[in-house]
Amino acid sequence: MSQQLIDQYGRQIEYLRLSVTDRCDLRCHYCMPEGFKDFEEPADWLTFDEIERVIRAFAELGTRRIRITGGEPLVRKNIPELASRLSSLPGIEDLSISSNATRLQKLARPLKKAGISRINVSLDTLKADRFKEITGGGKLEKVINGLLAASEAGFQPVKINMVVMRGVNDDEVEDMVQFCIDHDFTLRFIETMPMGDTGREASQQYIPLDEIHQRLEKKYNMVKANMNGGGPARYVRVEGTELRIGYITPMSQHFCDTCNRVRLSVDGTLYLCLGQDDSYPLRDLLRSGISDDELKQHIHRAINLKPEKHEFSNNPGKLVRFMSMTGG
Ligand code: SAM
Ligand code: SF4
């Protein structure tokens, strides 16, 4: 069996996004439906032992980068313990986390100590009342404290992810640029995707990021920049500062032909594409006593199912799954 994971379209899979929970302490309206309660039962969550086993198999098949995500990963207990187990696995070179930062003030240091190398934080607004509205009741102060704790713990860079929505927060783009210059954060703008009914509704406020770039160019000189991360963002640097701005454009300019990733949800389902339903359930196989070799064969079979591309733009009504189920 070939050691590398190469899909039908010749793309090598070397990046896995690991959702450790589908729960969250916020309710960003573009991500999770209001009042949603239909979460996976704890008995169906992969245990840390099961997660470690799957990630070890992926690492032996050439996966080098893991991002822990959710839902909000830090609402699951003992994530630093899991991080420490995953960062010690042979072959794993980069272990990162995406978080809303509400619990980061306490957890930044333990996560750093556990071997998390990079951190991304969602933040769409710097206005407390607007934050409350977008996140269904969240407290901005907690997130700011979490971000500062991440910097103090030595995460460098801390990346901020801002979903830019017309009439919701697009008036804050310049303020966010300044905030990131002041705090030495990296800023990434994201286009709203029609994930589930809730994402579809929000994507009515979708702004192509080219528009934002052109607006910023009137105020700042921008030069092309490189950035580590293994992701699809295209970066520029604001001249005269250290600020890097990344544009993540799944809608206006998709990056499917270089997609190097798959996603493992909390119930042990492998999702082969963020914007398609193709999936491969691993949990029952793991619990039925398969060997490590058999597990790897199943992973190869799953990778063969990876579709060529998403259809967010030409078939936006397609996907019923919403973002917090698979992890962003
Ligand atoms: N809770 C963590 C967080 O918010 O960073 C991790 C999970 S969250 C699902 C990952 C990313 O997905 C966030 O940056 C969020 O803004 C983004 N996201 C969620 N729904 C989205 C949508 N419909 N369109 C674009 N981005 C979305
Ligand atoms: Fe929670 Fe992140 Fe989704 Fe917001 S984007 S509801 S913080 S999982």
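Residues numbered from 1 in each chain as written. Chains lettered and ligands numbered in written order. Predicted model: local features only at pLDDT ≥ 70, side-chain atom pairs only at ≥ 80, totals over all residues. Heavy atoms only, no water.

**Student:** Would you mind going over the pattern of salt bridges with me for this structure?
**Tutor:** Oppositely charged side chains can form a pair if their charged atoms are brought close together. This model, assessed by the stated rule, comprises 18 salt bridges. The partner of Arg-56 in a salt bridge is Glu-52, and the shortest N-O contact between them spans 3.2 Å. One end of the pair is Arg-56 and the other is Glu-52, both in helix H1 (residues 48–60) and four residues apart, which spans about a single turn. Here Glu-52 falls in the buried class, since its relative accessible area comes to 16%. Of the charged contacts, one joins Glu-60 and Lys-296 as a salt bridge, the two residues approaching to 2.5 Å between their closest N and O atoms. Here Glu-60 is found in helix H1, whereas its partner Lys-296 is found in helix H10 (residues 292–304), with 236 residues between them in sequence. Residues joined by salt bridges that share partners form a network here, namely Asp-49, Glu-52, Arg-56, Glu-81 and Arg-85. (Salt bridge = Lys/Arg side-chain N within 4 Å of Asp/Glu carboxyl O. Helix = DSSP H or I, 4+ residues; strand = E, 2+ residues; numbered from the N terminus. Buried < 20%, exposed > 50% of the residue type's maximum accessible area, 1.4 Å probe, protein only.)

**Student:** Please clarify how the site of ligand 2 should be interpreted in this entry.
**Tutor:** Close to ligand 2 lie Cys-24, Leu-26, Cys-28, Cys-31, Gly-71 and Asn-100. For the shell around ligand 2, a count of residues per class yields four nonpolar, two polar and no charged. (Near = heavy atom within 4 Å. Nonpolar A, V, L, I, M, F, W, Y, C, P; charged D, E, K, R; others polar.)

**Student:** I would appreciate a short explanation of the sheet that holds strand S11 (residues 269–271) in the present structure.
**Tutor:** Paired through backbone hydrogen bonds, the strands of a sheet run either parallel or antiparallel to each other. A sheet is described by the order of its strands in space; here twelve strands give the open sequence S7-S8-S9-S6-S5-S4-S3-S2-S1-S10-S11-S12, paired in mixed fashion. Two strands bound the open sheet, and with one partner strand each, they are strand S7 (222–225) and strand S12 (279–281). Within this sheet the neighbouring strands show an average axis-to-axis angle of 25°, counted without direction. Bridge count for strand S1 (residues 15–19) against strand S2 (residues 65–69) is five bridges, and the pairing is parallel. Bridge pairing links Leu-16 to Ile-66 in S2. The strands touched by helix H2 (residues 79–87) are S1, S2 and strand S3 (94–99); relative to S3, the strand with the most contacts, the crossing angle is about 155°. (Pairing = 2+ DSSP bridges. Axes fitted to C-alpha atoms, helices over the stretch in contact; angles between N-to-C directions. Contact = heavy atoms within 4.5 Å.)

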